[in-house]
Amino acid sequence: MQGIRIRQGEKPLKGEVKISGSKNAALPIMAGTVLEPGEYVLHDLPILRDIKVMRAVLEALGAVVEQKGKSLLIDTRDLSSAEIPDYLMRRMRASILFMGPLLGRFGKVKVSQPGGCSIGPRPIDWHIKGLKQLGANFKESHGFLTGWGSSLTGREIHLDFPSVGTTENIMLGAAKARGNTVIRNAAREPEIVDLQNFLNSMGASIVGAGTDLIKITGKKKLQGTEHTVIPDRIEAGTFLLAGAITRGEVKVLNVIPEHLESVIAKVREAGFELQEEGESLTILPSGTRPNPLDIKTYPYPGFPTDMQPQFMALLTLARGTSVLTENIFENRMKHAEELKRMGAKIRVEGRTAIIEGVERLYGAFVESPPALRAGAALVLAGLAAEGETQVVDIEHIERGYENLVGKLQKLGAEIEVFNVEEEEKNA
Ligand code: EPZ
């Protein structure tokens, strides 16, 4: 098992970091390449596990995939299957995004219950409901879900909740459906807009992504395309907080500031100065502890749930008591227990964490819960803590952050990856 060691925290980070392409934009777009037989070139993909798993699914379906640096060349002209292997489904929930495009291309799909983070039950009932409304049928047996539908037909769909994945699956299924589809109460995340732009570059006709009303005019034929994914707003937010929690000065490059408006507002409310210059954001050194905050997570453009663990780490050092309420996932507070091992004072009651700020955190041996943002939050805490911190079970972090340790080293952090078993053997 691998671990991350921060030898000495309390070191202000300083320097520039280039943000990678967005994982959560890349995943639905990679699934979209199976919708139409064709050759696709996707640029600026982050090099991380979830992308590798998505590539493995594409290859299991019969696609030919070639990597060139941070670009993938994907040829889906000769797919041989509409069944996603069970062992890959279990590794990543986003495999579920193949349902819409496989139904759209083959009129059938077979998947098993998805895996992924452990931040709640994370059912897929809304995905199934939406695709059924497009005319697909489903049956479940022995943990496998089979979907079929000779040809999907567009219609008006009103989502119970602005679910990101559900919105994406319906867009992917409706792009080649007969007739028009309207999605009301759609998710508004920037990754949805990027998916719309990708599909439209294939010849689809979709408008409204980024609002809660998306209109899709089904097309008979699309074609392969080339696309560059948007920068990762959550990675950008994570590095801004790495600067904040160490009272350093960090400039994040390759960002779209408007995608981070709610995060920027909270960073400023916490008392930090943030400079915006075109596609970069710089957090300036702060001489004092952060102000306490009241944060509630909401669908975009509300405060993003994917930044909640990282802010919890920051607020453990605030000058006062903060309240964090998690409205999106049922069980996304596991990082609190590990932060308490570092001296944080946190009380979790259901979806709410009450955080009483302390003067300092102390380095400790902590375990990353099986959730990638929680792992990142523990690394942030280790960067601020006195003494040495070891974070183990870091494969979850590697699912969502490209070269996190290397990027932090470039900012001056005394951080490295180590092998837990080897160290125990030599201990
Ligand atoms: C996407 O997950 C992101 N993942 C998540 O990022 C992100 O936290 C989430 O959106 C919310 O912004 C990707 O884009 C690959 P949802 P998704 O459908 O689509 C419930 C990360 O850290 N729900 O908006 O799964 C669900 O359980 C990951 O990069 C149902 O009940 O999110 C959750 O409580 C973590 N039934 C809530 O809705 C369904 O059919 C929001 O889920 C679907 C979802």
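Residues numbered from 1 in each chain as written. Predicted model: local features only at pLDDT ≥ 70, side-chain atom pairs only at ≥ 80, totals over all residues. Heavy atoms only, no water.

Draft legend 1. Representation of the overall build of the protein within the structure. Within the protein, the secondary structure is distributed over 15 helices and 23 strands. Taking 2.2 N^0.38 as the reference for a compact globule, 427 residues should give roughly 22 Å; the C-alpha atoms of the protein span a radius of gyration of 22 Å, in line with that estimate. Counting contacts in the protein only where the partners sit at least 6 residues apart, residues at least 24 apart contribute 74% of the total. By element, 48% of the accessible surface of the protein is carried by carbon and sulfur atoms, the whole surface being about 16400 Å². Taken together, the 52 basic and 54 acidic charged side chains of the protein have centroids lying 5 Å from each other. (Helix = DSSP H or I, 4+ residues; strand = E, 2+ residues; numbered from the N terminus. Rg over C-alpha atoms; globule rule 2.2 N^0.38 Å. Contact = heavy atoms within 4.5 Å. Areas by Shrake-Rupley, 256 points an atom, 1.4 Å probe, with all protein chains shown as cover. Lys, Arg positive; Asp, Glu negative; His and termini not counted. Charge placed at Lys NZ, Arg CZ, Asp CG, Glu CD.)

Draft legend 2. Spatial organisation of the site of the ligand. By nearness alone, 22 residues border the ligand, and Asp-125, Trp-126, Ser-163, Asp-306 and Ile-328 come closest of all. A distance of 2.8 Å separates an oxygen atom of the ligand from a polar atom in the side chain of Lys-23. Between the ligand and Asn-24 there is a distance of 3.0 Å, counted from an oxygen atom to a side-chain nitrogen or oxygen. Across the complex, the protein chains shield 89% of the 830 Å² of accessible surface that the ligand would expose by itself. Grouping the constituent residues of the shell around the ligand by class yields ten nonpolar, five polar and seven charged. No fewer than three residues from each of domain 1 (2–20 + 231–426) and domain 2 (23–228) sit in the shell around the ligand. (Near = heavy atom within 4 Å. Polar contact = N/O pair within 3.5 Å; in protein donor to acceptor, adjacent residues only side chain to side chain. Nonpolar A, V, L, I, M, F, W, Y, C, P; charged D, E, K, R; others polar. Domains from an automatic or database assignment.)

Draft legend 3. Structural context of the packing of helix α5 (residues 125–133) against helix α6 (residues 164–174). Interhelical geometry of α5 versus α6 gives an angle of 25° and a closest axis separation of 9 Å. Comparing the axis directions of α5 and α6 gives the class roughly parallel. As for the relative orientation of α5 and α6, their crossing is right-handed in sense. Residue-level contacts link Trp-126, His-127, Gly-130 and Leu-131 of α5 to Gly-165, Thr-166, Asn-169 and Ile-170 of α6. Across the contact of α5 with α6, the residue classes tally to three nonpolar, five polar and no charged. (Axes fitted to C-alpha atoms, helices over the stretch in contact; angles between N-to-C directions. Parallel < 35°, antiparallel > 145°, perpendicular 65-115°, else oblique. Left-handed = near helix turned anticlockwise from the far one by under 90°.)

Draft legend 4. Quick peek at the packing of aromatic side chains. Going through the model one piece at a time under the given rule, you end up with three aromatic pairs. Between Tyr-40 and Phe-198, the ring centres sit 6.2 Å apart and the planes meet at 40°, which makes this aromatic pair tilted. Highlighted residues: Tyr-40 in strand β3 (residues 39–43) and Phe-198 in helix α7 (residues 190–201), separated in sequence by 158 residues. When sorted by exposure, Tyr-40 lands in the same class as Phe-198, which is buried. Plain terms: the ring middles of Trp-126 and Phe-161 are 5.6 Å apart, the flat faces sit at 25° to each other, and that makes the pair stacked. Note that Trp-126 is positioned in helix α5 and Phe-161 in the loop between β9 (156–158) and α6, a separation of 35 residues in sequence. Assessed through its relative accessible area of 31%, Trp-126 is described here as partly exposed. Under the relative-accessibility criterion, Phe-161 is labelled partly exposed at 28%. The lysine or arginine in question, Arg-5, covers the ring of Phe-418, its NZ or CZ lying 4.4 Å from the ring centre. (Phe/Tyr/Trp six-rings, centres within 6.5 Å; stacked < 30°, edge-to-face > 60°. Buried < 20%, exposed > 50% of the residue type's maximum accessible area, 1.4 Å probe, protein only. Lys NZ or Arg CZ within 6 Å of the ring centre and 35° of its normal.)

Draft legend 5. Summary view of helix α2 (residues 49–60). Its twelve residues give α2 an end-to-end C-alpha distance of 16 Å, which sits within 8% of 16 Å, the value for a rise of 1.5 Å per residue. Turning to α2, its buried residues number three or more, namely Asp-50, Ile-51, Val-53, Met-54, Val-57 and Leu-58. All buried residues of α2 lie within an arc of 160° about the axis, which places them on one face of the element. Gly-62, located one to two residues past α2, shows a positive phi value of around 110°. (Expected span 1.5 Å × (residues − 1). Arc of directions from axis to C-beta.)

Draft legend 6. Molecular detail of the packing of α6 against α7. Where α6 meets α7, the closest approach of the two axes is 10 Å, and the angle between their N-to-C directions is 10°. What the angle tells us is that α6 and α7 run roughly parallel. Where α6 approaches α7, its residues Val-164, Thr-167, Glu-168, Met-171 and Leu-172 are matched on the opposing element by Glu-191, Ile-192, Leu-195, Gln-196 and Leu-199.

Draft legend 7. Local environment of helix α9 (residues 261–269). The complete set of buried residues in α9 reads Ser-262, Val-263, Ile-264, Lys-266 and Val-267. Those residues of α9 hidden inside the fold are in contact with α8 (233–245), β15 (274–277), β16 (280–283), β17 (294–296) and α10 (308–315).

Draft legend 8. Structural context of the pattern of salt bridges. All told, the structure shown has 33 salt bridges when counted by the stated rule. Glu-388 serves as the salt-bridge partner of Arg-5, at 3.3 Å between the closest nitrogen and oxygen. Linking Arg-5 in strand β1 (residues 2–6) with Glu-388 in the loop between α12 (372–384) and β22 (389–392), this pair joins segments that are 383 residues apart in sequence. Measuring nitrogen to oxygen at the nearest pair gives 3.3 Å for the salt bridge that ties Glu-359 to Arg-289. With Glu-359 in the loop between β20 (352–356) and β21 (365–367) and Arg-289 in the loop between β16 and β17, this residue pair connects regions lying 70 residues apart in the sequence. Residues joined in a network through salt bridges with shared partners are Arg-5, Arg-7, Glu-388, Glu-416 and Glu-423. (Salt bridge = Lys/Arg side-chain N within 4 Å of Asp/Glu carboxyl O.)

Draft legend 9. Representation of the domain arrangement of the protein in the model. Each domain of the protein was delimited in the assignment, giving domain 1 (2–20 + 231–426) and domain 2 (23–228). Facing the 25 residues of domain 1 at the interface are 23 residues of domain 2. Both faces considered, domain 1 and domain 2 share a buried interface measuring about 2100 Å² in area, 52% of it formed by carbon and sulfur atoms. Together, Tyr-300, Arg-399 and Glu-402 form the three largest contributors to the area buried by domain 1 at its contact with domain 2, with a combined 31%. Where domain 1 packs against domain 2, one counts four salt bridges. Ionic pairing is found between Arg-399 and Asp-50, a salt bridge with its closest N-O pair at 2.8 Å. Counting across the domain 1 and domain 2 interface gives seven residue pairs in polar contact (both at pLDDT 80 or more). Mapped by element, the contributors of at least two residues to the side of domain 1 that touches domain 2 are α12 and α13 (395–400). With four residues, the top contributor of residues to the side of domain 1 that touches domain 2 is α13. Classifying every residue of the side of domain 1 that touches domain 2 by side-chain character gives nine nonpolar, five polar and eleven charged. (Buried area = accessible area lost by both parts, 1.4 Å probe.)

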